[in-house]
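Breakdown of the fold
Residues per chain, in single letters:
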Amino acid sequence: MKLLQDIVVIDFSQFLSGPSASLCLSDFGAEVIKIEKPGTGDICRELYVSDVVVDGESSIFHAINRNKKSYAADLKNPKDAEKIRKLIAAADVVIHNFRPGVMERLGFGYEAVKKINPSVIYAAVSGFGETGEWKHLPGQDLLLQALSGIIWLNNSSHAAPTPMGVSVIDIFSGAHLVQGILSLLYRRGITGEGGLVQVSMLESALDFQFEALTCFYNDGNTLPQRSAINSGHAYVAAPYGIYKTKDGYIAIAMADILLLAELTGCEKLKAYKDKREWFAKRDEIKALLRERLLENTTSYWLSIFEPKDIWCSRVLNYEELTQEEGYKALNMEIVVQTSNGLSIKTIRSPIKINGKVLSGSKGAPALGEHNALIEAQYKLNQNISEVQTVSDE
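Residues numbered from 1 in each chain as written. Predicted model: local features only at pLDDT ≥ 70, side-chain atom pairs only at ≥ 80, totals over all residues. Heavy atoms only, no water.

The six strands are arranged β5-β2-β1-β6-β7-β8 in an open sheet whose pairing can be described as parallel. Each having just a single partner strand, β5 (69-72) and β8 (195-200) make up the two edges of the open sheet. Pairwise comparison of adjacent strand axes, ignoring direction, gives a mean angle of 20° for this sheet. Of the pairings in the sheet, the one linking strand β2 (residues 31-36) to β5 comprises four bridges and is parallel in character. Counterpart to Lys34 in the pairing with β5 is Ser70. Sitting on the sheet, helix α1 (residues 17-27) is in contact with β1 (8-11), β2, β6 (93-96) and β7 (121-126), with an inclination near 165° to β1. Packed onto the sheet, helix α7 (residues 168-191) meets β6, β7 and β8 and runs at close to 165° relative to β8. (Pairing = 2+ DSSP bridges. Helix = DSSP H or I, 4+ residues; strand = E, 2+ residues; numbered from the N terminus. Axes fitted to C-alpha atoms, helices over the stretch in contact; angles between N-to-C directions. Contact = heavy atoms within 4.5 Å.)

Structure (structure tokens):
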């Protein structure tokens, strides 16, 4: 399904935030041309997030760059820069995630690009925005989690600040960028007007925490207090959390404590009749529940809780998850193939349109794989003029 057919995206971004946005656009059917530095390319090609290497490159690079084309160009080289300008003239969207000022020094800031293509949608992700004393700090996910307060929401109160186990801010900032791009593409379809969309990872991280921050702002700036026992949410009363059972773990969300007392046979829980106490005394309640749940298996407790509409779930790892019928029914796994015939299993877009999934079978490109194709398609070698070398020093 080619919802964005004929939309051309020139993507200068690297690693995760920007590339996750262009991945979404490519899933929608846009032609994404990834601009990479000759010789090394996107730093994500070699910036391994695990010891999983696919065809000599990082597995995460292959996951986030499927269905894209690679064009290798040195932006400091006058002839290469001129070719990029010709590409931009034919583009609908330009994306980058460099620190503020870098693209301007290279000659590809918004104002320069707008002169080449007035109707272009120019989309930029930064770490901390365009102003303020943090604007030149590295926009790296763990650092943003640390500065934004997210890590103080995870784990129990006695544990150290705990980051989330995935690059959540990279992915959210990419999603926010896509929202802005699609909004401007819609407006352009009506008015013909281009525009600039800017997203900072810090603002995305704060938006991600709108629930907790709203509580903080309206509670006299009282800091959230993580539960000491089985914490699952700093602002939710007992029994919310993860509990160990005889053979595994069970997650329990919001539930009536008196009903849990009845279902578990825990007489001591019956003392907590006042719902208003379920937050203030959550650790007392959780301690009693934790002790009781250890006495039987996860499957046993699910068989007791689920018929009574207690919101609960077993806790699965990836190996267990992928064996579940509920997972298999989604058909999330796809196999993409690179130009050299390498097959890679990954995850498709979660979006369905009219019941149809958005998917493609092309794997991530080799560095500069599409140079000849793109130069011919966009006639990049015609009338290349000499221009001054631009430095980003």
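After that view, the rundown keeps rolling.
Now for the pairing of β7. Across the six residues that make up β7, a large majority, six, are buried. In β7, alternate side chains face the same way, and those of Ile121, Ala123 and Val125 on one face and Tyr122, Ala124 and Ser126 on the other are all buried. Here β6 runs beside β7; their pairing, made up of four bridges, is parallel. Pairing of Val94 across the sheet is with Tyr122, part of β7. Where β7 and β8 come together, six bridges link them in parallel fashion. Paired with Ala124 across the bridge in β8 is Gln198. (Buried < 20%, exposed > 50% of the residue type's maximum accessible area, 1.4 Å probe, protein only.)

Attention now goes to a nonpolar patch on the surface. Together, Trp134, Leu137 and Leu147 line one region of the surface with nonpolar side chains, adding up to about 250 Å² of accessible area. Its place among the elements puts Trp134 in the loop between β7 and α6 (141-148). (Patch = residues over 30% accessible without salt bridge, like charges linked within 9 Å, V, L, I, M, F, W, Y side chains within 5 Å. Areas by Shrake-Rupley, 256 points an atom, 1.4 Å probe, with all protein chains shown as cover. Salt bridge = Lys/Arg side-chain N within 4 Å of Asp/Glu carboxyl O.)

The next point concerns the layout of surface pockets. Of the volumes computed, that of the largest pocket is approximately 1,400 Å³. Around the largest pocket, the lining comprises 43 residues; the ones closest to its centre are Ile60, Ala63, Val166, Ile171 and Ile347. The biggest single contributor to the lining of the largest pocket is α7, with eight residues. For the lining of the largest pocket, a count of residues per class yields 27 nonpolar, ten polar and six charged. (1 Å grid on protein atoms, 1.4 Å probe; cavity = no way out; pocket = protein on both sides within 12 Å on 5 of 7 lines; lining within 4 Å. Points joined across faces, edges and corners; volume = space filled by probe spheres on them. Nonpolar A, V, L, I, M, F, W, Y, C, P; charged D, E, K, R; others polar.)

Pairing between side chains of opposite charge can happen when the charged atoms of each approach one another. Under the defined criterion, the tally for this structure stands at 16 salt bridges. Residue Glu375 is joined to Lys83 by a salt bridge in which the shortest nitrogen-to-oxygen separation is 3.2 Å. Within this pair, whereas Glu375 is found in helix α16 (residues 371-377), its partner Lys83 is found in helix α3 (residues 78-89), the two being separated by 292 residues in sequence. Among the residues examined, Glu375 registers a relative accessible area of 17% and is labelled buried. Residues Glu333 and Lys345 are paired through a salt bridge, measuring 3.5 Å at the closest nitrogen-oxygen approach. Of this pair, Glu333 sits in strand β12 (residues 333-337) while Lys345 sits in strand β13 (residues 343-347), and the two are twelve residues apart along the sequence. Three or more residues joined by partner-sharing salt bridges are found here, namely Glu36, Arg45 and Glu57.

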